[in-house]
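Below are the chains, spelled out letter by letter.
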Amino acid sequence: MLECKSRAWMEIDTTKIAHNVEEIRKLIPKKTKIMAIVKANAYGHGDVVISKELIKCGVDFFGVSSVDEAISLREAGITCDILILGYTPPMHFHYVLKHNLIQTFFSLEYAQKAAAFAQSQQTMMRGHVKIDTGMSRLGVICQDHEYHIDDVLRIYTMAGLQVEGIFSHFSVSDDLSKKNELYTKHQIILFDRVLADVKKAGIHPGVTHLQNSYGILNYPELAYDYVRPGLLFLGVTSNDALEIRTNPSFLPIMQLKANVSLVKTIQPNVSVSYGRNYCSKDVRKIATVSIGYADGYPRAVSNIGAEVLIHGQRATIIGNICMDQLMIDVTHIDQVKEGDVVTLIGEDQGAFLAVDELTRWAKTINNDTLCFFKGRVPRIYKSE
Ligand SMILES: *Cc1c(COP(=O)(O)O)cnc(C)c1O
């Protein structure tokens with residue numbers, strides 16, 4: 001891949017990560033540390049580059065979703081603790097041992113399989129126990145109606161396992177409605193009950209962690225050993241329309257750019273792109289831009305008024321977005337020409353188009369939007 005500003009590219013300013021990490025640290029208790037979640041290639045930003053920058057900021061613990069992601073960090077020379085948050089198929093347990101990874105033990109049955117494998121290798125598998133306090137995804141159910149503390153204790157004491165920590169996950173920490181705030185607070189109560197019961201059984205629970213990005217933004221006072229932000233060090237929240245309880249100032253690190261390939265004037269009553277859902281009412285000047293849905297720019301925002309920046313001004317996407325290209329109306333902008341840079345996310349001559357806007361057009365959350373962009377979009381890193 002050409003590491004250059006070719007047809008479409010992402011610019012990632014890693015120098016802003018340190019600021020974002022400091023903003024997180026200002027919110028949380030002094031003794032609480034950051035476990036950086038760099039799953040899904042650090043939400044498309046490049047897990048190795050982002051992780052190395054985070055290490056410079058003092059981060060020494062990473063979370064990923066799979067053993068493959070963990071191995072790619074190890075192969076890049078990252079020796080920190082790495083927690084696999086998700087499922088490792090038993091046929092890959094040997095990688096967990098070989099690369100000194102920490103596996104999530106999310107049920108008694110799964111822990112038993114991990115333990116049996118580790119014992120067959122005459123060793124121990126490192127792990128954290130996951131508690132389901134209301135997300136109903138992974139974890140041993142520890143809720144009001146069903147409280148499997150016995151399973152938790154059995155995992156802690158199982159031969160073949162070295163349990164070093166315990167965690168749970170919020171499902172509505174981003175929502176401050178009364179109902180969902182109560183739900184989150186109840187998740188905290190349940191997690192604390194599990195911790196107390198583990199201690200009561202004479203077991204040291206190891207390191208504790210509960211908060212994702214919105215857990216930090218809305219419940220910053222919680223004093224567990226780690227917080228688990230993914231999104232925040234990238235400098236964005238899930239959706240700028242969501243109210244939050246704290247007032248941090250994050251700096252977005254990513255911009256998305258593409259080139260103008262052709263500018264043309266079209267006459268009235270001319271249709272643009274596949275499907276012919278845009279038709280000119282009068283004479284228009286349009287530009288073709290070299291980015292499309294195969295780059296990850298969402299086809300769902302075709303012809304709904306989604307905008308881009310060019311020459312510091314807004315231009316509207318017209319017609320259906322194609323696989324490798326899209327068209328914009330630049331009638332109101334002088335001097336648009338081939339080779340001009342179009343900003344789809346980011347800053348252009350003092351104008352700014354936030355990822356939150358694309359997220360609104362695509363009817364999703366920034367976490368999802370950031371993961372849209374495919375491998376064929378080169379990542380260009382700015383560092384000191
Ligand atoms: C993805 C994930 C996180 C990070 O979530 P953000 O909202 O990006 O901060 C934390 N914990 C778990 C278990 C996750 O799956």
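None of the values given here were measured: they were computed from a predicted structure.

**Q** A description of the overall build of the protein should follow, citing residues and the corresponding values.
**A** On a plain count of helices and strands, the protein comes out with 11 helices and 20 strands. For the protein, the C-alpha atoms occupy an extent of roughly 80 × 45 × 40 Å along the three principal directions. For the protein, with 384 residues in total, the buried portion stands at 56%. Restricting to contacts in the protein with at least 6 residues of sequence separation, those with at least 24 account for 67%. Here the protein has roughly 16,700 Å² of accessible surface; of this, 52% comes from carbon and sulfur atoms. Side-chain charges in the protein split into 41 positive and 42 negative, and the spacing between the mean points of these groups amounts to 1 Å.

**Q** Mind laying out the pattern of salt bridges, listing which residues take part and the relevant values?
**A** Counted by the stated rule, this structure contains 23 salt bridges. Two residues, D60 and K33, come together in a salt bridge whose shortest N-O distance is 3.0 Å. Of this pair, D60 sits in the loop between α3 (47–56) and β3 (61–64) while K33 sits in strand β2 (residues 33–37); the two residues are 27 residues apart in sequence, bridging distant segments of the chain. For K33, a relative accessible area of 37% puts it in the partly exposed group. Taken together, the shared-partner salt bridges connect R7, D295, D324 and R376 into one network.

**Q** Let's hear about the packing of aromatic side chains: which residues, and what values?
**A** Counted under the stated rule, the structure contains 9 aromatic pairs. Ring geometry for Y87 versus F106: centroids 6.3 Å apart, planes at 55°, classification tilted. Taken together, the positions of Y87 in the loop between β4 (81–84) and α5 (93–98) and F106 in the loop between β5 (102–105) and α6 (108–120) put the pair 19 residues apart, joining distant regions of the chain. Residue class for Y87 comes out partly exposed when judged on its relative accessible area of 48%. Using a relative accessible area of 11% as the deciding quantity, one classes F106 as buried. Taken together, the aromatic side chains of Y87, F93, F106, Y110 and F117 make up a single cluster linked through ring pairs. The positively charged end of R245 is found above the aromatic ring belonging to Y219, 5.3 Å away from the centroid.

Conventions we followed
Residues numbered from 1 in each chain as written. Predicted model: local features only at pLDDT ≥ 70, side-chain atom pairs only at ≥ 80, totals over all residues. Heavy atoms only, no water. Helix = DSSP H or I, 4+ residues; strand = E, 2+ residues; numbered from the N terminus. Buried < 20%, exposed > 50% of the residue type's maximum accessible area, 1.4 Å probe, protein only. Contact = heavy atoms within 4.5 Å. Areas by Shrake-Rupley, 256 points an atom, 1.4 Å probe, with all protein chains shown as cover. Lys, Arg positive; Asp, Glu negative; His and termini not counted. Charge placed at Lys NZ, Arg CZ, Asp CG, Glu CD. Salt bridge = Lys/Arg side-chain N within 4 Å of Asp/Glu carboxyl O. Phe/Tyr/Trp six-rings, centres within 6.5 Å; stacked < 30°, edge-to-face > 60°. Lys NZ or Arg CZ within 6 Å of the ring centre and 35° of its normal.

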